[in-house]
Amino acid sequence: MRVLVTGGAGYIGSHTVLQLLRAGHEVVVVDDFSNAKPTVVGRLEELAGQPVPVHAFDLADGDKLDVLLAQERIDAVVHFAGSKAVGESVAKPLDYYANNIGGTISLLRAMAQQRVWRIVFSSSATVYGEHAPVPMTEDLPTSATNPYGWTKVMIEQILRDVAVTDERWRVALLRYFNPVGAHGSGRIGEDPSGIPNNLMPYVAQVAVGRREELTVFGDDYDTVDGTGVRDYIHVEDLAAGHVEALQWISEHDRAVSTWNLGTGRGSSVLQVIGAFEQASGRTIPYRVAPRRAGDIAASYADPARAERELGWRAERTLVDMCADTWRWQSTNPEGYPDGQD
Ligand code: WQD
């Protein structure tokens with residue numbers, strides 16, 4: 001299929017572009033580069049061994065989307081584009097609602113206009129909210145505790161409502177747990193701007209010497225060692241899940257499908273530190289601080305539905321995730337260069 005990947009220059013988007021190409025699809029990327037460097041495109045073309053067409057504009061521009069969908073003869077969309085920083089969303093809720101929900105509405109209008117009916121949406125386990133039992137199953141109620149999380153809850157609802165308007169819609173809602181890791185080549189990876197909010201990129205920056213020490217947010221949770229437990233999933237396994245989901249919705253009549261993409265296993269912060277030290281040979285100094293507002297003790301998936309329906313399962317271990325993260329970070333200590341590399 002000819003697949004439009006929105007946010008395809010981003011962390012998960014770029015890894016998914018490669019796997020879609022490897023699966024034999026043709027890929028076109030649209031990205032406004034508000035949270036990605038143009039250098040990513042060159043890396044993708046290097047790894048793909050072929051050109052990757054990229055259109056740089058904001059999804060809010062519906063006219064450009066109409067033209068793009070028509071001219072590129074798009075068959076399906078994998079939709080990553082959106083802002084994703086929890087803290088920032090609390091400070092700038094209108095920016096998050098405008099960008100994430102406005103952009104999605106613009107995309108869906110253009111898709112209906114151009115009769116493109118297949119969409120795989122980048123959702124998140126954050127939609128399970130603060131009080132969900134673990135392991136989390138897809139039939140749990142959804143809620144959020146911050147505007148970023150609410151955009152995911154709301155966009156899922158918008159997609160369910162739009163799917164009712166025309167029987168041709170085929171929607172996949174993919175709920176990611178904690179994506180980490182990098183392509184085995186070390187040429188693409190997670191490159192957050194500023195101080196990383198998330199654990200793995202922060203640990204990687206400590207290991208490579210960009211940060212002094214890690215702050216562990218709380219060691220008094222009711223978990224194996226008191227630190228927060230999460231379901232870390234390798235971005236390559238996550239990308240493979242997108243390829244399988246796209247194939248499935250193209251072959252089945254169900255209008256809306258919801259799948260957890262997680263390993264089903266939880267790892268604590270201290271276990272991540274240990275795995276990273278094992279994978280990198282570097283010591284990760286840390287200090288324990290009070291809990292971070294909004295954090296929950298434990299989050300991990302019940303991935304049974306994706307395994308059963310998609311035949312998909314996360315294969316890579318936590319040490320694999322740390323080793324691949326380290327290869328990316330140690331060969332790109334400052335992340336992607338600004339120029340052309
Ligand atoms: C993981 C664990 C922290 C940083 C977030 C978003 C979620 C999703 C994934 C988009 C927790 C601890 C972290 C640090 C720490 N993003 N930690 N020191 O919070 O599970 O999920 O990213 O969909 O929406 O909320 O991921 O990596 O921030 O935290 O101790 O410097 O690491 O307390 O237990 P989280 P995280």
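Provided above is the structure to which this section pertains.
Residues numbered from 1 in each chain as written. Predicted model: local features only at pLDDT ≥ 70, side-chain atom pairs only at ≥ 80, totals over all residues. Heavy atoms only, no water.

For the rest of this paragraph, the subject is the environment of Ser123. Note on placement: Ser123 falls in strand β5 (residues 118-124). With residues up to four places along the chain from it excluded, the contact list for Ser123 reads Lys152, Glu156, Leu174, Arg175 and Tyr176. (Helix = DSSP H or I, 4+ residues; strand = E, 2+ residues; numbered from the N terminus. Contact = heavy atoms within 4.5 Å.)

Here the focus is the sheet that holds β5. Ordered by their spatial adjacency, seven strands build an open sheet running β3-β2-β1-β4-β5-β6-β11, and the pairing between neighbours is parallel. The sheet terminates laterally at β3 (54-55) and β11 (256-261), the two strands that pair on one side only. (Pairing = 2+ DSSP bridges.)

Among the 18 residues in the neighbourhood of the ligand, the closest are listed as Tyr148, Leu199, Thr215, Arg230 and Asp295. A distance of 3.0 Å separates an oxygen atom of the ligand from a polar side-chain atom of Ser124. The separation between an oxygen atom of the ligand and a polar main-chain atom of Phe217 is 3.0 Å. Calculation on the ligand without its partners gives an accessible area of 680 Å², and the protein chains cover 89% of this total. For the shell around the ligand, the leading source of residues is strand β8 (residues 214-217), giving four residues. Looking at the shell around the ligand residue by residue, the class counts come to eight nonpolar, seven polar and three charged. (Near = heavy atom within 4 Å. Polar contact = N/O pair within 3.5 Å; in protein donor to acceptor, adjacent residues only side chain to side chain. Areas by Shrake-Rupley, 256 points an atom, 1.4 Å probe, with all protein chains shown as cover. Nonpolar A, V, L, I, M, F, W, Y, C, P; charged D, E, K, R; others polar.)

Turning our eyes to something else, we now look at the sheet that holds strand β9 (residues 229-230). Pairing within the open sheet is mixed, and its three strands lie in the order β12-β9-β14. Looking along the sheet, the strands with just one partner apiece sit at the ends: β12 (267-268) and β14 (298-299). Direction of pairing for β9 relative to β14: parallel, over a ladder of two bridges. Bridging across to β14, Val229 finds its partner in Ala298.

Here we take up unusual backbone geometry. Each neighbour pair has its own omega, and for Val134 with Pro135 the value is -5 degrees, a cis peptide bond. Here Pro135 shows up in the loop between β5 and α6 (147-163). The phi torsion at Arg73 lies on the positive side, around 50 degrees, for a residue other than glycine. Position of Arg73 relative to the elements: it lies in the loop between α3 (62-71) and β4 (76-79). Residue classification places Arg73 among the exposed positions, given a relative accessible area of 56%. (Buried < 20%, exposed > 50% of the residue type's maximum accessible area, 1.4 Å probe, protein only.)

As a further point, take the side chain of Asp31. Summarising the element assignment, Asp31 is placed in the loop between β2 (26-30) and α2 (39-48). Buried Asp31, no salt bridge; nearest opposite-charge side chain is Lys37, N-O distance 13 Å. Beyond its immediate sequence surroundings of up to four residues, Asp31 is in contact with Gly7, Gly8, Ala9, Gly10, Ala36, His55, Ala56 and Phe57. (Lys, Arg positive; Asp, Glu negative; His and termini not counted. Salt bridge = Lys/Arg side-chain N within 4 Å of Asp/Glu carboxyl O.)

The subject of this paragraph is the nonpolar core. One finds Val5, Val17, Leu20, Leu174, Trp259 and Leu261 to be the most contacted residues of the largest nonpolar core, which totals 38 residues. Ranked by the residues each element gives to this core, the list is headed by helix α8 (residues 235-251), at seven residues. When near neighbours in sequence (up to four residues on either side) are disregarded, Val5 contacts Gly13, Val17, Leu20, Val27, Val28, Val29, Val30, Val78 and Phe80. If you look at the next biggest cluster of nonpolar residues, it comprises 25 residues, including Val30, Val116, Trp117 and Val171. (Core = buried A, V, L, I, M, F, W, Y, C linked by side-chain atoms within 4.5 Å.)

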